[in-house]
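# Structural characterization, general
Residue strings, one per chain:
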Amino acid sequence: MSAATQHRRRFTRAIAVACAGVAALALPIAGASTASAATTAVPETTLAGYPNNLDGWIRQSLAIMAEKKIPGTYHGIYRNIIRESSGNPNAINLWDSNAAKGTPSKGLLQVIDPTFAAYHVAGTAYDPYDPVANITAACNYAAARYGSIDNVFGAY
């Protein structure tokens, strides 16, 4: 590669980096005129004060489970969530035998509506897509059927 070509490439990269830097500096200025509250560093939380993410949902469910004497551990819940929904609270299975019968599995732990209704835990939302309600109902079901969510290592 000639020296002139190398120089052009270095110059092009320098311009690209400079432009990116200017754009990055301009973003806070543009955003500041619309919603300065959106830039706060406080993480979003659930009404119960837990982080509104997978970790918080599991911890909130465990607190409810402890009150209701439903066995289960963080690890057991997390392992099953990752296998069932990859952590997506809006996951829905539209292809398995349950879906073919008209009752698709829903939420973090892929609970069908009749199971959710039968094992719903008071004090949680009556919504199978609600992360805490889904986890807690699924753990309640797993406790009744398998002794604990910790004993579930496949589709249940």
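Attention here is on the structure that accompanies the text.

Each value, and the rule that gives it
Position numbers for residues start from 1 in each chain and track the written sequence from start to end. With pLDDT at 70 or above as the cut-off, local features in this predicted model cover only qualifying residues; side-chain atom pairs require 80 or more to be listed or tallied, and sums for whole chains, interfaces and linings still use all residues. For the side-chain quantities, the full set of heavy atoms in the structure was used; hydrogens and water were omitted. Side-chain rings of Phe, Tyr and Trp, where Trp is taken by its six-membered ring, are said to pair if the distance between their centres is within 6.5 Å; with planes under 30 degrees apart they count as stacked, over 60 as edge-to-face, and otherwise as tilted. Here a strand is any run of E in DSSP of at least two residues, a helix any run of H or I of at least four, and the numbering for each starts at the N terminus. Each residue is placed in one exposure class: buried if its accessible area under a 1.4 Å probe, protein chains only, is under 20% of its type's maximum, exposed if it is over 50%, and partly exposed if it falls in between. Contacts between residues were defined by any pair of non-hydrogen atoms, one from each residue, lying within 4.5 Å. Here, patches come from residues exposed beyond 30% relative accessible area and free of salt bridges, joined within 9 Å for like charges and within 5 Å for nonpolar side chains (Val, Leu, Ile, Met, Phe, Trp, Tyr). Every accessible area reported is derived by Shrake-Rupley at a probe size of 1.4 Å, with residue values counting cover from the shown protein chains alone. For salt bridges, the criterion is a side-chain nitrogen of Lys or Arg within 4 Å of an Asp or Glu carboxyl oxygen. Take the number of residues in a helix, subtract one, and multiply by 1.5 Å to get its expected span. Whenever two N or O atoms come within 3.5 Å, that pair is a polar contact, provided that in protein one can donate a hydrogen and the other can accept it, and provided that, for residues adjacent in sequence, both atoms are side-chain atoms. Among the buried residues, those of types Ala, Val, Leu, Ile, Met, Phe, Trp, Tyr and Cys that are joined through side-chain atoms within 4.5 Å form a nonpolar core. An axis is simply a line fitted to the C-alpha atoms; with a helix, the fit covers only the stretch in contact. Between two such axes, the angle follows the N-to-C directions and lies from 0 to 180 degrees. Working definition: roughly parallel below 35 degrees, roughly antiparallel above 145 degrees, roughly perpendicular at 65 to 115 degrees, and oblique for all remaining angles. Put simply, a crossing is left-handed when the front helix is turned counterclockwise from the back one by less than a right angle, and right-handed when it is turned clockwise.

## A closer look at the packing of aromatic side chains
Applying the stated criterion across every chain yields a total of 4 aromatic pairs. Ring geometry for Y74 and Y78: centres 6.3 Å apart, planes at 10°, overall stacked. Within this pair, Y74 and its partner Y78 are both found in helix α3 (residues 74-85), separated by 4 residues, close to a single helical turn. Classification of Y74 as partly exposed rests on a relative accessible area of 31%. On the basis of relative accessible area, Y78 is assigned to the partly exposed category, the value being 37%.

## Side note on the environment of A155
Position of A155 among the secondary structure elements: in the segment after α6 (131-146). Between the C-alpha atom of A155 and that of E84, which follows or precedes it by 71 residues, the distance is 7.7 Å. Residue contacts for A155: discarding those within four places in its chain leaves R83 and E84.

## Section: unusual backbone geometry
One non-glycine residue, K69, lies in the positive phi region at around 60°. By secondary structure assignment, the location of K69 is in the loop between α2 (54-68) and α3. Phi is positive for Q110, close to 50°, though the residue is something other than glycine. For Q110, the location among the structural elements is in the loop between β2 (105-106) and α5 (113-119).

## What about a nonpolar patch on the surface?
Together, Y74, Y78 and I82 make up an exposed nonpolar region whose accessible area comes to about 250 Å². Within the secondary structure, I82 sits in helix α3. Accessibility expressed as a relative area gives 35% for I82, which makes it partly exposed.

## Thoughts on α2
Here α2 is 15 residues long and its end C-alpha atoms lie 21 Å apart, about the 21 Å a rise of 1.5 Å per residue gives. Among all positions in α2, only L54, G56, W57, I58, Q60, S61, I64 and M65 are buried. The N-capping residue of α2, defined by a side-chain oxygen 3.2 Å from the backbone nitrogen of D55, is N53. Of the residues flanking the end of α2, it is K69, one or two places downstream, whose phi is positive at about 60°.

## Some details on the pattern of salt bridges
Taken as a whole and assessed by the stated rule, the structure comprises 3 salt bridges. The salt bridge partner of R59 is D55, with a shortest N-O separation of 3.0 Å. Residue R59 and its partner D55 are located together in helix α2, separated by 4 residues, close to a single helical turn. Since its relative accessible area comes to 30%, D55 is described here as partly exposed. Close ionic contact of D113 with K106 constitutes a salt bridge, the shortest N to O distance being 3.0 Å.

## Structural notes on the nonpolar core
Counting residues in hydrophobic clusters, the biggest one holds 23 residues, and the most contacted among them are I77, I81, I135 and C139. If we skip the residues at most four places from it in the chain, C139 touches M65, I70, I77 and I149.

## Here we look at the packing of α2 against α3
Two numbers describe how α2 lies on α3: the axes approach to 10 Å, and their chain directions differ by 130°. In terms of orientation, α2 and α3 fall into the oblique class. Note that α2 runs across α3; the crossing there is right-handed. Mapping the contact onto sequence places L54, D55, I58, R59, L62 and M65 in α2 and Y74, I77, Y78, I81 and I82 in α3.

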